Amino acid sequence: MSFRDIERSFFDLYWHLDPVAATQAGVPGHDDRYGRYSSAALTPHLAALKSIASALEETAVETLEQEIDRTALLNEIRVMLRRFEKIRPQATNPEFWLSHLLGGLHHLLLSADRTPDEKALAAIGRLEDIPAFLDDLRATLEEPVRVFVETAARMTEGGRLLIKELSTALGSQAPLHANRLAMAADQAREALSNFDANLDRWLETGSEHFAIGEDSFNFLLHYQHALRDTAPELWRYGLRLKEEIEQDLVNLATRLDGGGRSGRSWPELVDKLRSDHPGPTELVDAYAKEMARARDFVAEKGLAPIPQAPLGVIPTPAFMRPVIPYAAYDSPGAYSRDRTGWFYVTVPDPRLPEEQQERILRDHCRHELAATALHEGYPGHHLQLVIAKEQASHVRKNLWTPLTVEGWALYCEDMMGEEGFYASDQEMFFQRVHLLWRAVRVLLDVGLHTRGMTREEAVDQMVKELHVERSNAEAEVRRYCAWPAYQLCYAVGRRELLRLRDDFREAKGKDFSLRAFHDAVLPYGGLPVTLIRWGLGLGE
């Protein structure tokens, strides 16, 4: 078999294992069912993955580009096996299951590749499968971890709302299926309501064993992110970066505050500036304008190609608000005919007290919008991921590490500042505030999973050093517990890309340009920076 034959075999297996990922990618044939993650269901899939890995190791490849893709695919399989056999979220984390359940409905509802009848029939299949899916969840979740249960408990209300919205929307678009849709939706909502009792019980009995340990953490660093660093080395890097950025903030705050005459510290200046924010009715439009400004800046400066793929900026749908407190980006599927990406902005619920709405709006300070817009849109996530999905390689269309994806977006925050994008010193100041957040994430990620840091210690550190509200810090830390070796990727990925740019500049000499560097990197999509470096012939 050729490498490309084995690549196709892997993705055929992957879509079968995760039909929700298939729907999201725009792959037909899987929309009416959910995956299964019990031991009995996983065993044949994991055996098949091992067989594909053996075939990959033995097959000949024709080019360096194929060798890079093969290495990325082998590493992906190793991480999948480690995840299901050793880390085992299917046995400890109900949010793992609920994200699959709700994602299956969300991506189906958004799909522009299916006719209304096709979407309705697929939705019926998934809705009718929900009671059995939740039965499998109950039977498989042998070691519930309390922090993961807390997250899951925040998802079920939004899930019931999503089921209702899906049934109403698709019932009106495909009236022939409306009655069956409504019946399936009622049964699914009831099953999800009954499931709350399990969550209540697991909240009382769940363990605190969320940490994956240094061995598994270093495994992810090596195989998911292709990093040579180990957890202790990244801990030291996080400390150095945090110290460097804190000094930057002191200096910037002194300059912004009239030479420090008022005596304000940088956190006090952040607090003062955050009172300047758009109102609830202006919020979505304010982000849309900044997205357009960033896109136009990239185009005018010729910093990167602008893909023919619109980016919509819309209020976060009601069912997603419990898990998207601020904003989020959703990329188009790798095989979807519709190339639209979506940026969701969570507008405060008008029913909330004014004081609470004001607290939410402060996190959308006008001076922060520029960095967020370029990070999520141009030249950040939207530009990078759409270009990745235009590649012929299925590996590059679909596989990615947050080291490169989050690292690229954070690198872009620096690069756009170097090129003069930020309209004021206040915008530059908040870009550094964001970078401090990413430095602290390195410490919390490594600390929680390898150094015995407790959740309470992590929350206290965020409140003390980043000056975020405790409830927001608690939500952040819940996510850090569930996704080991993810949060460090922002700052470490930025570091790796800046190093790669330095080496590319040295290799090109007088022929170096930013556009040439970006044109060289972007076709690799979200593959690890080490593999991009290999492809560019820049060694270690």
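In this text the structure is predicted, and so the values were computed from the model without any measurement.

Criteria and cut-off values
Residues numbered from 1 in each chain as written. Predicted model: local features only at pLDDT ≥ 70, side-chain atom pairs only at ≥ 80, totals over all residues. Heavy atoms only, no water. Helix = DSSP H or I, 4+ residues; strand = E, 2+ residues; numbered from the N terminus. Rg over C-alpha atoms; globule rule 2.2 N^0.38 Å. Buried < 20%, exposed > 50% of the residue type's maximum accessible area, 1.4 Å probe, protein only. Contact = heavy atoms within 4.5 Å. Areas by Shrake-Rupley, 256 points an atom, 1.4 Å probe, with all protein chains shown as cover. Core = buried A, V, L, I, M, F, W, Y, C linked by side-chain atoms within 4.5 Å. Expected span 1.5 Å × (residues − 1). Pairing = 2+ DSSP bridges. Axes fitted to C-alpha atoms, helices over the stretch in contact; angles between N-to-C directions. Parallel < 35°, antiparallel > 145°, perpendicular 65-115°, else oblique. Nonpolar A, V, L, I, M, F, W, Y, C, P; charged D, E, K, R; others polar. Polar contact = N/O pair within 3.5 Å; in protein donor to acceptor, adjacent residues only side chain to side chain. Phe/Tyr/Trp six-rings, centres within 6.5 Å; stacked < 30°, edge-to-face > 60°. Lys NZ or Arg CZ within 6 Å of the ring centre and 35° of its normal. Salt bridge = Lys/Arg side-chain N within 4 Å of Asp/Glu carboxyl O.

Undergrad: Hey, could you go over the overall build of the chain for me, with residue numbers and the actual values?
TA: Helices and strands together make up the secondary structure of the chain, namely 25 helices and three strands. By the compact-globule yardstick of 24 Å for 540 residues, the chain fits well, its C-alpha radius of gyration being 23 Å. Overall size of the chain, expressed as C-alpha extent along the three principal axes, is 65 × 65 × 45 Å. Buried residues in the chain amount to 58% of all 540 residues. Considering only contacts within the chain whose residues lie at least 6 apart along the sequence, 79% involve residues at least 24 apart. Here the chain has roughly 22,400 Å² of accessible surface; of this, 50% comes from carbon and sulfur atoms.

Undergrad: So, the nonpolar core: which residues are in play, and what are the values?
TA: In this structure, Leu127, Ile130, Leu134, Tyr411, Met416, Phe429 and Leu488 are the most contacted members of the largest nonpolar core, which totals 174 residues. Broken down by element, the residue count for this core peaks at twelve residues, all from helix 20 (residues 425-450). Those residues in contact with Tyr411, other than ones at most four positions away along the chain, are Arg494, Leu497, Leu498, Arg501, Leu514, Phe517 and His518.

Undergrad: Tell me what's going on with helix 23 (residues 489-508), and back it up with residues and numbers.
TA: Across its 20 residues, helix 23 extends 27 Å between first and last C-alpha, which sits within 8% of the 28 Å expected from 1.5 Å per residue. Of the residues trailing helix 23, Gly509 is marked for its positive phi of about 60 degrees.

Undergrad: Account for the sheet that holds strand 1 (residues 311-315), with residues named and values stated.
TA: Taken in spatial order, the three strands make up an open sheet running 1-3-2, and their pairing is mixed. One side of each edge strand has no neighbouring strand; the edge strands of this open sheet are strand 1 and strand 2 (327-330). Averaged over all neighbouring strand pairs, the angle between strand axes comes to 20 degrees, with direction disregarded. Here five bridges tie strand 1 to strand 3 (residues 341-345), and the two strands are oriented parallel to one another. By the bridge assignment for strand 3, Ile314 is matched with Tyr344.

Undergrad: Residues and numbers for the packing of helix 19 (residues 402-418) against helix 24 (residues 514-521), please.
TA: Working note: a packed helix pair is described by the angle between its axes plus the distance between those axes. For the pair helix 19 and helix 24, interaxial distance at closest approach is 14 Å and the crossing angle is 175 degrees. Judged by the angle between their axes, helix 19 and helix 24 are roughly antiparallel. Note on element contacts: helix 24 touches helix 19 through Leu514, Phe517, His518 and Val521, opposite Trp408, Tyr411 and Met415. In terms of residue class, the contact of helix 19 with helix 24 is made up of six nonpolar, one polar and no charged.

Undergrad: Now, about unusual backbone geometry: what can you tell me, with residues and values included?
TA: The peptide bond linking Tyr378 to Pro379 adopts the cis configuration, its omega dihedral lying at 5 degrees. The residue His467 is not glycine, and still its phi comes out positive at about 60 degrees. Topologically, His467 is positioned in the loop between helix 21 (455-466) and helix 22 (470-482). Given the relative accessible area of 42%, His467 is considered partly exposed.

Undergrad: How would you sum up the side chain of Ser331? Please name residues and give values.
TA: Tracing the backbone shows Ser331 in the loop between strand 2 and strand 3. A polar contact of 2.6 Å, which involves the side chain of Ser331, links it to the side chain of Lys389. The contacts of Ser331, once residues within four sequence positions are left out, are Leu385 and Lys389.

Undergrad: Give me the packing of aromatic side chains: which residues, what numbers.
TA: Counted under the stated rule, the structure contains 22 aromatic pairs. When the centroid spacing of 6.3 Å and the interplanar angle of 75 degrees are considered together, the rings of Tyr411 and Phe517 count as edge-to-face. With Tyr411 in helix 19 and Phe517 in helix 24, the pair connects residues that are 106 residues apart, well separated along the chain. Across the pair, exposure class does not vary: Tyr411 and Phe517 are buried alike. One aromatic cluster is present, built from ring pairs that chain together Tyr34, Tyr37, Phe84, Phe96, Trp97 and Phe133. Lying across the ring of Phe219, Arg82 places its NZ or CZ 4.4 Å from the centre.

Undergrad: Please give an account of the pattern of salt bridges that cites residues and values.
TA: Inspection of the entire model under this criterion finds 49 salt bridges. A salt bridge links Arg189 to Asp186; the nearest nitrogen and oxygen atoms lie 3.0 Å apart. Taken together, the positions of Arg189 and Asp186, both in helix 10 (residues 178-205) and three residues apart, correspond to about one turn of that helix. Taking relative accessible area as the criterion, Asp186 reaches 43% and is therefore assigned partly exposed. When the shortest N-O distance is used, the salt bridge between Lys289 and Asp285 registers 3.3 Å. Here the residue Lys289 and the residue Asp285 both occupy positions in helix 14 (residues 283-301), the gap between them amounting to four residues, near one helical turn. Look at Lys289 and you get exposed, because its relative accessible area is 55%. Because the salt bridges share partners, they merge into one network encompassing Arg4, Glu7, Glu65, Asp69 and Arg396.

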